[in-house]
Amino acid sequence: MPEWLQAGGWGLLAGSALLVGAAVGFLARIPQKLIASVMAFGAGVLLSAVSFDLIAEAYDQAGLGPTVLGAVVGAVIYTGCNVLLARRGARHRKRSGTRQPSEQQQAGSGTALALGALLDGIPESIVIGASLLGGGKVSAVTVAAVFISNVPEGLSSAAGMRQAGRSRAYVFGLWTGIAVVSGLAAVAGYTVLGDAGPAVLAAITALAAGAILTMIADTMIPEAFEQAHLAIGLITMLGFLTAFTLTSLER
């Protein structure tokens, strides 16, 4: 199988978790504290993946300079895009309660929510595709971390969309589209970066890491801790250790 097609398949697999989570969040009545717990676990998983799989890999490839530069640029780009989308109604796109606006409350918020979901998913998928460059194998830890974290993201966001009166067709059409785009972004990560040198690849990996870390702080942690209970910190740590264990086994 061509490697670009493998990249797309892995990206699609990781993105499909959003659809799984959305189905549960939209069709079932999940307690708010349970959603917060699942989101905390997903945040811990991604924090570990960013630390030990993405930033560490970028540093090993090209050193401190490209790693720091890429991470800062990724954080700035994500923050800028997130600010623009927040002004159009996507600020609470991962909230499961009543904070998401309906289309009647804020015109255009549906489009902003869709673009926000794209913004959250693309950096992860690009890294999945780029990991196959140079004849390497896909990072199982990255795919697993993205998949595990995508389930609570889709669950929480879809529950909030239901509360805001979004239709079933909108919710499932959105997350199906995001899953497909995740696959295409992984293909792009493989094909567009195919001739890039180690420093560029390291910077792109760090850029994605910076964007993901910013996304965790901006959208995942607020949802987890809005309905905080005494075990939230423990659950976040368990998610972190789960991804760390996968990283250790892979090496």
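Reading the values: the criteria
The residue numbers shown here count from 1 along each chain, following its written sequence. Under the rules for a predicted model, residues below a pLDDT of 70 receive no local features and side-chain atom pairs below 80 are neither given nor counted, while totals for whole chains, interfaces and linings still include all residues. The basis for the side-chain values is all heavy atoms of the structure; hydrogens and waters are excluded. Here the nonpolar core consists of buried residues drawn from Ala, Val, Leu, Ile, Met, Phe, Trp, Tyr and Cys, with membership extended through side-chain atoms lying within 4.5 Å. Burial classification: accessible surface area is computed with a 1.4 Å probe over protein chains only, and a residue below 20% of its type maximum counts as buried, one above 50% as exposed, and the rest as partly exposed. Elements are defined by DSSP. Helices are runs of H or I of four residues or more, strands are runs of E of two residues or more, and each kind is numbered from the N terminus. Pairs of residues are marked as contacts when any of their non-hydrogen atoms sit within 4.5 Å. Under the convention used throughout, the expected extent of a helix is 1.5 Å for every residue step, that is, one less than its residue count. To get the bend at any residue, fit one axis to the seven residues that end at it and another to the seven that begin at it, then take the angle between the two axes. UniProt positions are given in the numbering used here, feature names are shortened, and annotations may be inferred rather than shown by experiment.

**Student:** Mind laying out the nonpolar core, listing which residues take part and the relevant values?
**Tutor:** Core analysis: the biggest nonpolar cluster contains 21 residues, and L46, L54, I212, M215, I216 and M220 have the highest contact counts within it. With eight residues, helix α7 (residues 198-226) is the largest single contributor of residues to this core. With residues near it in sequence (within four places) discarded, L46 still touches E124, A145, S149, E153, I212, M215, I216 and M220.

**Student:** Break down α7 for me, with residues and values.
**Tutor:** Structural remark: α-helix, 3.6 residues per turn; residues separated by three or four positions point the same way. Over its 29 residues, α7 extends 41 Å from the first C-alpha to the last, a length consistent with the 42 Å expected when each residue adds 1.5 Å. Along its length, α7 reaches its greatest deviation from straightness, about 40°, at I216.

**Student:** Tell me about the UniProt feature "transmembrane region" (unreviewed entry) in the protein, and please be specific about residues and values.
**Tutor:** According to UniProt, the "transmembrane region" (unreviewed entry) feature falls on residues 6-27, 34-56, 68-86, 169-193, 199-217 and 229-249. The span residues 169-193 carries 92% helix and 0% strand; its end-to-end C-alpha distance comes to 35 Å. Note that residues 229-249 is 86% helix and 0% strand, and that its end C-alpha atoms are spaced 32 Å apart.

**Student:** Tell me about helix α5 (residues 140-163), and please be specific about residues and values.
**Tutor:** If you check α5, its first and last C-alpha atoms are 35 Å apart, about what 24 residues at 1.5 Å a residue would give, namely 34 Å. With respect to burial, α5 is a largely interior element, 18 of its 24 residues being buried. Positive backbone phi, at 90°, marks G165, one or two positions downstream of α5.

**Student:** Quick one: what's the story with the environment of L64, residue by residue and with numbers?
**Tutor:** Following the sequence through the fold, L64 ends up in helix α3 (residues 64-90). For the pair L64 and A203, spaced 139 residues apart in sequence, the C-alpha separation works out to 9.9 Å.

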